[in-house]
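One letter stands for each residue in the lines below.
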Amino acid sequence: MASNNGSVGKWEVVKKGKKNSSSGGGKSAASGGRKALGESNQPSRPPLKMSETLYDGFEKMGKKQNKEQVPPPADPPYKKPMSSKPSKKLNPSNTATPATHKTLEEAFKALDVADLKQQLARSQTLFPENPSVWVKDLAGYLNIHLTAPETEPTLSSYTHDYPYCLTGKELRGVIKGLIGRCSNILPDFFDHCVYTMLRELDRQSGEPLHGYRVCIQAILQDKPKIATQNLPEYLELLRSVQNRPVKCLTIMWALGQAGFYDLSQGLRVWLGIMLPVLGVKSLSSYAIAYLERLLLLHSNLTKGFGIMGPKDFFPLLDFAFMPKNALSSSLQEQLRRLYPRLKVLAFGAKPESTLHTYLPSFLSRATPHCPDDMKRELLSCMTECLCVDVQSLGVWRQLYTKHLAQSSLLLSHLLKSWNILPPKLRKNLEETVQSFRVTNEEMRDGIESRDLQECSSLCQNLQVKMRGRGFPWSKLFMVLLVFIAGFIAHDVRSHGSVADSITARYLHTSGITAVSQQAWSKISVYSKQSFSWLETNTPYYYSECVRVVGPLMEKGLEKTKAAAIFISEHASQCVVWVKKTTPLVIEWVNANTPDSVFQALAYLKELLIYIHHNYILPALVYVSELLQRAWTNLQDSCNGEVSISCLQGHAVSLTNSTWQLLQHTTSAIKTWAQELLTRAG
């Protein structure tokens, strides 16, 4: 991979501070200076000056190390004897420009992995202590040989791991192996790839950048945290090139690759890089599309808890619900569909201890003139804060005097939804509403406003709701029962006996007494028969049970005692082992369960819901309609009343028709068989 412009096998030791005295042409012909693999492979291009970046420091460090490296004085594999014939080139790929392929798939198939291994081995032999040269050579080699046209910088029409997914098993092993050996310089290598892509975009040739994209994806697949180490610097860089959308999208694409392998890092990238530029028209579409793909890929949101806070959540709330903002209506609708999952991420794993920090911003936005959709969402969120986090009530009491208009909206919402509020919140609201009434009385002496009057009226109505209980059905039932018992006792007492009372006569005339006597006689007869049977057969069956089941129960009791002793002896060891291994197993399952499993479960759930709504429910409705129609037809056939005689008639007619059909079928088969026999004879 060395530069072959000079004599092969002749090397110079470049010392620090030494100046070349030869002219420009002689310097080009006689210099034996060593270049990195990627630099020697690339065709000559005019140099571009950029402002100093993270990569510049990385490049200076690499050049300093390259100057101090001295190639071996004699290395037979790379040294050839001098002859009068022109020396052969070590590798045709060093000078020949690879052909441009129609698709990237063809470029990957045409890539010579054996040649790549040879070039990397040569680079590692010549620079054994400079891994920065190795990875630069890898990126340069891939970018030169993966020559296929690029569609657009975000690759949104492909899968999230494109183009790295096109690498074969052998090439992927080479890339992974080299990156694994250079783990210490991967952050600098990542910066090198990003800044080199930006420099390439300044060139008029517009060469593809697939090689650097593959390296970026290979780095972030194993170490996604590298992308979030310098987010402020990348945000500053993004704003500096904001008038170049292609460069901005390239930066967003490169940093966003981390999120496809770690949800928490993806959220950090989105909140730190994409949210600040969400209002930029040329970048908003990709920012929201990336967020949608990120949340769709990671169905398990628990891995993203703790990343988003109030300062990140409320700009998203404003973008999603405030009309006439920087987003178009379609993008705003797309963001609003993602809002419920963003709210789950923002509230986190323990909303009962964090929601009170969200209440002030919710309350300040709930003005009487805010849009209806946003007002409903704010009232719903504030109700959730009051229900889940008890500290929210104290925060509301502190903010009440400065937010009377917003508090009146919230009080009105609580009054309208009082019947569906949790009992715990109803109880906790009693003290808060009482404190509001005291505050209203104190403020009424100083100022008198419409908002204060509304708050006072709402607090009074809420207290009426709190004091008023539901309809006392149990008390009413007890009163009726006592009244009926008293009436019957007075009736019996006034007429002298039960038989002469009005109640007995009414029961007798209505037929209830006769039915009751008949039922009581039957109960008495059956009870006497049951008791006589038990008296006769109980001793016999008891003795048989004792004879058959007794030995089995004794053996079972002995085995149960032995099992209890065994379990008690080994239970303590099992409990200790379970306590030690359970956290490890849970951690292992959480770490090794791919997100695709959760995604598959989510898809299965959606499929079952779809089948339930579109097939099962319509089928049940159709069956119910058929049964209803059959019952109606049966009633019509029975002249409006279904009776046993009618059902017997239908059963007889069905039996007769079935028997006639069977007779006709048998005769037809018999006739057909006779005809066949006649023809055969």
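Residues numbered from 1 in each chain as written. Predicted model: local features only at pLDDT ≥ 70, side-chain atom pairs only at ≥ 80, totals over all residues. Heavy atoms only, no water.

### Focus on the environment of glycine 180
Using the following cut-off: Secondary structure follows DSSP: runs of H or I at least 4 residues long count as helices, runs of E at least 2 residues long count as strands, and numbering of each begins at the N terminus. Partly exposed residues are those whose accessible area sits between 20% and 50% of the maximum for their type, while under 20% is buried and over 50% is exposed, using a 1.4 Å probe and protein chains only.
Note that glycine 180 resides in helix H7 (residues 169-181). Residue classification places glycine 180 among the exposed residues on the basis of a relative accessible area of 53%. Linking glycine 180 and aspartate 222, residues 42 residues apart in sequence, is a C-alpha distance of 9.3 Å.

### Overview of the state of the cysteines
Put simply, the rule reads: The definition used for a disulfide is geometric: two cysteine sulfur atoms within 2.5 Å.
Across all of its chains, the model carries one disulfide by this definition. At a sulfur-sulfur separation of 1.7 Å, the disulfide partner of cysteine 638 is cysteine 646. Taking the sign of the torsion about the S-S bond as the criterion, the disulfide between cysteine 638 and cysteine 646, at about -80°, is left-handed. By the burial criterion, cysteine 638 is buried, and cysteine 646 matches it.

### Some points on the packing of helix H19 (residues 404-416) against helix H21 (residues 450-467)
Rules: For helices, the fitted line uses only the C-alpha atoms of the stretch in contact; every axis is such a line through C-alpha atoms, and the angle between N-to-C directions lies from 0 to 180 degrees. In what follows, roughly perpendicular refers to angles from 65 to 115 degrees, roughly parallel to angles under 35, roughly antiparallel to angles over 145, and oblique to any angle outside these ranges. It is the rotation of the near helix from the far one that decides the hand of a crossing: anticlockwise by less than a right angle makes it left-handed, clockwise makes it right-handed. We call two residues in contact whenever any of their non-hydrogen atoms come within 4.5 Å of each other. Note on residue classes: Ala, Val, Leu, Ile, Met, Phe, Trp, Tyr, Cys and Pro are nonpolar, Asp, Glu, Lys and Arg are charged, and everything else, Gly too, is polar.
Across the interface, H19 lies against H21 with an axial gap of 9 Å and an inter-helix angle of 25°. In terms of orientation, H19 and H21 fall into the roughly parallel class. Along this stretch, H19 crosses H21, giving a crossing that reads as left-handed. Packed against H19, whose contacting residues are Leu404, Ala405, Ser408, Leu411, Ser412, Leu414 and Leu415, the element H21 presents Asp451, Leu452, Glu454, Cys455, Leu458, Cys459, Asn461, Leu462 and Lys465 at the interface. Considering only residue class, the contact of H19 with H21 consists of ten nonpolar, three polar and three charged.

### What to know about the environment of histidine 145
For clarity, the cut-off: For the purposes of these results, a polar contact is taken to be a pair of N or O atoms within 3.5 Å, where, inside protein, one atom must be able to donate a hydrogen and its partner to accept one; residues adjacent in sequence count only when each atom of the pair is a side-chain atom.
Looking at the element boundaries, histidine 145 is found in helix H6 (residues 131-145). The sequence separation of histidine 145 and alanine 110 amounts to 35 residues, and the corresponding C-alpha distance is 8.5 Å. Polar contacts involving the side chain of histidine 145 include one to the main-chain carbonyl oxygen of tyrosine 141, which spans 2.9 Å.

### Quick notes on the confidence of the model for the protein chain
Spelled out, the test is: Predictor confidence is given residue by residue as pLDDT, running from a minimum of 0 to a maximum of 100.
Scored by pLDDT, the protein chain comes out at a mean of 80, with 84% of its residues at no less than 70. When pLDDT is averaged over each helix and strand of the protein chain, the minimum, 34, is found for helix H1 (residues 24-30) and the maximum, 95, for helix H12 (residues 263-274). Long-range and interchain partners of residues 1-96, a stretch whose pLDDT sits below 50, account for 107 contacts in this model, where long-range means more than four residues apart.

### Quick look at the pattern of salt bridges
What counts, and what does not: Salt bridges are defined as contacts in which a side-chain nitrogen from Lys or Arg sits within 4 Å of a carboxyl oxygen from Asp or Glu.
For the structure on display, the rule yields twelve salt bridges. Between aspartate 373 and arginine 336 there is a salt bridge; the shortest N-O distance is 3.3 Å. With a gap of 37 residues between them, aspartate 373 in helix H17 (residues 372-388) and arginine 336 in helix H15 (residues 329-347) connect regions that are remote in the sequence. Overall, the relative accessible area of 25% leaves arginine 336 in the partly exposed class. Ionic pairing is found between glutamate 544 and arginine 547, a salt bridge with its closest N-O pair at 2.6 Å. Here the residue glutamate 544 and the residue arginine 547 both occupy positions in helix H24 (residues 512-592), the gap between them amounting to three residues, near one helical turn. For glutamate 544, a relative accessible area of 27% translates into the label partly exposed. When its relative accessible area of 57% is taken as the criterion, arginine 547 is described as exposed.

### As for the packing of aromatic side chains
As a reminder of what qualifies: Only Phe, Tyr and Trp rings take part, Trp by its six-membered ring, and two of them pair if their centres are within 6.5 Å. Stacked means planes under 30 degrees apart, edge-to-face means over 60, and tilted covers everything else.
For the coordinates displayed, the defined rule picks out 20 aromatic pairs. Seen from their ring centres, tyrosine 195 and tyrosine 234 are 6.1 Å apart, and the 25° between their planes marks the pair as stacked. Here tyrosine 195 is found in helix H8 (residues 186-202), whereas its partner tyrosine 234 is found in helix H10 (residues 231-240), with 39 residues between them in sequence. Taking relative accessible area as the criterion, tyrosine 234 reaches 1% and is therefore assigned buried. Between tyrosine 540 and tyrosine 541, the ring centres sit 5.3 Å apart and the planes meet at 70°, which makes this aromatic pair edge-to-face. Members of the aromatic cluster, each reached through a chain of ring pairs, are Phe313, Phe314, Phe321, Tyr339, Phe347, Tyr358 and Phe362.

### Things to note about the nonpolar core
Keep this limit in mind: Put simply, a nonpolar core is a bunch of buried Ala, Val, Leu, Ile, Met, Phe, Trp, Tyr and Cys residues held in one set by side-chain atoms that sit within 4.5 Å of each other.
In this structure, Leu142, Phe190, Trp270, Phe362 and Trp396 are the most contacted members of the largest nonpolar core, which totals 137 residues. Of all the elements, helix H13 (residues 281-297) adds the most residues to this core, at nine residues. Once you skip the residues sitting within four places of it in the chain, phenylalanine 190 turns out to touch Ile216, Ile219, Leu220, Ile226, Ala227, Tyr234, Ala254 and Leu255.

### A word on helix H9 (residues 210-222)
Put simply, the rule reads: In a helix, the anticipated span is given by 1.5 Å times the number of residues less one.
Over its 13 residues, H9 extends 19 Å from the first C-alpha to the last, a length consistent with the 18 Å expected when each residue adds 1.5 Å. With eleven of 13 residues buried, H9 is to be regarded as a mostly interior element. Those residues of H9 that sit buried are His210, Gly211, Tyr212, Arg213, Val214, Cys215, Ile216, Gln217, Ala218, Ile219 and Leu220. Buried residues in H9 make contact with helix H4 (104-110), H6, H7, H8 and helix H11 (245-256).

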